[in-house]
Every structure is written in structure tokens, then in C-alpha cells.
Amino acid sequence: QVPQDPAQRQVRELAMLSRRLQQVHPNVLAKILKEGTLFQNEEIVVINKPYGLPVHGGPGVKNCITDVLPILAKMLANMKAEPLHLCHRLDKETTGVMVLARSKEVADRIRLLFKTRQVEKIYWAISLGEPDPAEGVVEIPMVEKEVQSHQSHYKMTLAPNYRLRPEDGREVRTRRDRGAESAVTRYRCLASATACSLLELQPITGVKHQIRVHLAYGLGCPILGDHKYSHWSKLAPQKLPEVTLRRLRLQQSKARHLPLHLHARQLCLPLGQQLHLVCKPPPFFQKTLEKLELNISKD
């Protein structure tokens, strides 16, 4: 049954595309990644990672980027090319710039650049709500915790070093959570409309789900389509404001199909010379920007 509503059709198509990428022949997947090549030289290949494609295998994963790296290397260079190497990772639902190395030595060099925070990463996200202030830094440690509910599950969450005393609002230092990792995210609001914002984000550290958690729990502005971090105690579809639903021409009952609007837009990689690698957001992201009237200057 094909939905009549174009917005519902779009979210359904994305969910289906994600499933199809999981089921195509590895050669077909490698061809899709080859067509999305943004840059290549003798050391690296930079691809545009599609939505819904995992980087690593796991339970229930038929296709992932790691599996097709040998095929992709042969398609890009020649039949004797050694497999490409992963240098970093993006979440399954995140799109955008992804760097692969042509040799293990180059991969090790790039991993070290990431580890020592010498790679500048810029993401774009559409969020619910508007951050206050419009520009700033979220610096709150994070830790993974089990959520006790009728359906127990694990989530990353904030582990702040301070809390506000209820009686006078003063800052009080709290006991540090031993498992917490320091996490720092710069953010800037590029546009706001229709109860949503387009944010530019620069994660200084690289903690799991850092941007999603800092936006949802640190700024109270979860990413559009982030059904995991829009609530704490339950696993449920994101609740959208009426004005946003109207603009997206979407019913709340169909919100569960809404994809995560998080895109790795740019990497600055100091590899010999400074490489500026930029990737346009995918069509679904651009359509959402148009529908929500989040207009920014074209660059």
C-alpha cells in the first residue's frame, strides 16, 4: 500500500532504501559507494556515506561498508589493488564525508590524527527547538547507562561534574562518574523556523553518540528523527510540534519513519597539505530544509 501523502511516501522510501542497501549484492553496493566518491589520490579515497548503511557488521546486518572495501578498491584502482582501510566511523543513520585509506600505514596515520584531535569535523543537524544561546560550547562528560523500563535498554547520557543546589541555585561539584568520558561540542545556529533549527556542529572529542546526546539532553534540542534520544525512559517515536508536522505534511502516527537528520558535512584533514573535504546533504535532508523554510545562504 503506497501512502497518498508525499511526505509519508518519502519517509517510507528512505526506510525501504536503507533495507535495500542491506540486501543488494556486495558488487552493487560497492558501485553505489564508487559513484558517491568525493575525492581520491594515491593515499586516500573519500566517499559520501549513504543513509542507513552500517560501517561494521553485526547481528542482522547483511551488508556493511567494511565488507565491500576490497571490491571498492578494485573498482577504483585496478584488479590488484589492496583492500581499502577504515580510518574512522559514522553511525548507521549518519550521512556524509567518510575517509578510507589505500594502505594500512596511511590508515594508521589518519587514525592518529583523529585520536589527537587534529581533524576538524563539521556536522549539520536539523533540531527540534532553538538552542539558547544560539552559539556556544557544550562541555559535559558522558557515560553509557542502562534505562530501567518495561523494555530495558542502554543509552549514552550526560554525567555532569556540577549540579545546581535547589535552595539557592548555586553550583555544587558532584562526585565524578568513573566510567564517564569528557565530551565537548561547539555549536552554532545557522537558521531557525517552524519550531526547528539548522545547526552547525563541531565535535572536539569523539564520544559515541556525542552530538545526539549533547543536543537532546544538554541543549534540549533533539535532532529531528532521533527517536532514541528524544525520550529518556522509553523507546518511542519522537513527538513533533504541530507546526512541524504541518510543514512536513506528516501525521504524528507516521513520525517513526522520519530519518535522523545528521550529516557529516566537512572534514579538514592535515595530510601533507590541508585537505578540505565537503559533502552536500542528501536529498531527503535538503527537502526537509525547504519544507521547514530553514533558508541559509548557498555555499
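Conventions we followed
Residues numbered from 1 in each chain as written. Predicted model: local features only at pLDDT ≥ 70, side-chain atom pairs only at ≥ 80, totals over all residues. Heavy atoms only, no water. Salt bridge = Lys/Arg side-chain N within 4 Å of Asp/Glu carboxyl O. Helix = DSSP H or I, 4+ residues; strand = E, 2+ residues; numbered from the N terminus. Domains from an automatic or database assignment. Contact = heavy atoms within 4.5 Å. Buried area = accessible area lost by both parts, 1.4 Å probe. Polar contact = N/O pair within 3.5 Å; in protein donor to acceptor, adjacent residues only side chain to side chain. Axes fitted to C-alpha atoms, helices over the stretch in contact; angles between N-to-C directions. Parallel < 35°, antiparallel > 145°, perpendicular 65-115°, else oblique. Left-handed = near helix turned anticlockwise from the far one by under 90°. Nonpolar A, V, L, I, M, F, W, Y, C, P; charged D, E, K, R; others polar.

1. A short note on the pattern of salt bridges
Link 1 in the chain: The final tally for this structure, using the stated rule, is nine salt bridges.
Link 2 in the chain: Between Glu35 and Lys31 there is a salt bridge, and its shortest N-O distance comes to 3.5 Å. Taken as a pair, Glu35 and Lys31 lie in helix α2 (residues 26-35) at a separation of four residues, close to a single helical turn.
Link 3 in the chain: A salt bridge links Asp91 to Arg212; its shortest N-O distance comes to 3.6 Å. One end of the pair, Asp91, is in the loop between β3 (85-86) and β4 (95-101); the other, Arg212, is in helix α5 (residues 210-218), and 121 residues separate them in sequence.
Link 4 in the chain: Salt bridges here are not isolated pairs; linked through shared partners, they connect Asp91, Arg212 and Asp226.

2. Considering the domain arrangement of the protein
Link 1 in the chain: As assigned here, the protein comprises domain 1 (12-116) and domain 2 (119-292).
Link 2 in the chain: If you average the C-alpha positions of domain 1 and of domain 2, the two centres end up 24 Å apart.
Link 3 in the chain: Listed as interface residues are 21 residues of domain 1 and, on the opposing side, 22 residues of domain 2.
Link 4 in the chain: Between domain 1 and domain 2, the buried area comes to about 1,900 Å², and carbon and sulfur atoms account for 72% of it.
Link 5 in the chain: When the area that domain 1 buries against domain 2 is broken down by residue, the three leading residues are Thr95, Val97 and Leu113, summing to 26%.
Link 6 in the chain: Counting the contacts that link domain 1 with domain 2 gives one salt bridge.
Link 7 in the chain: At the junction of domain 1 with domain 2, the criterion picks out five residue pairs in polar contact (both at pLDDT 80 or more).

3. Things to note about the packing of helix α1 (residues 6-23) against helix α7 (residues 283-291)
Link 1 in the chain: In the contact formed by α1 and α7, the axes pass within 12 Å of each other and the chain directions differ by 155°. In terms of orientation, α1 lies roughly antiparallel with respect to α7. As for how α1 packs across α7, the hand of that crossing is left-handed. Counted together, Ala7, Gln10 and Leu14 of α1 and Phe284, Lys287 and Lys291 of α7 form the full contact between these two elements.
Link 2 in the chain: In terms of residue class, the contact of α1 with α7 is made up of three nonpolar, one polar and two charged.

4. Thoughts on the environment of Ala81
Link 1 in the chain: Within the secondary structure layout, Ala81 lies in the loop between α3 (65-76) and β3.
Link 2 in the chain: Sequence spacing of Ala81 and Lys208 is 127 residues, and the spatial spacing of their C-alpha atoms is 32 Å.
Link 3 in the chain: If we ignore the near neighbours within four places in the chain, the residues touching Ala81 are Ala73 and Lys74.

5. Observations concerning unusual backbone geometry
Link 1 in the chain: Asp132 connects to Pro133 through a cis peptide bond whose omega is 5°.
Link 2 in the chain: Its identity is not glycine, yet His209 carries a phi of approximately 55°, on the positive side.
Link 3 in the chain: When you line up the elements, His209 lands in the loop between β12 (196-203) and α5.
Link 4 in the chain: Although it is not a glycine, Glu293 adopts a positive phi angle of roughly 55°.
Link 5 in the chain: Residue placement: Glu293 occurs in the segment after α7.

6. Some thoughts on the environment of Leu219
Link 1 in the chain: Turning to its location among the elements, Leu219 is positioned in the loop between α5 and α6 (242-248).
Link 2 in the chain: Through-space distance from the C-alpha of Leu219 to that of Gly129 is 9.3 Å; in sequence the pair is 90 residues apart.
Link 3 in the chain: Those residues within four positions of Leu219 in sequence are excluded, and the remaining contacts are Pro131, Val138, Tyr187 and His214.

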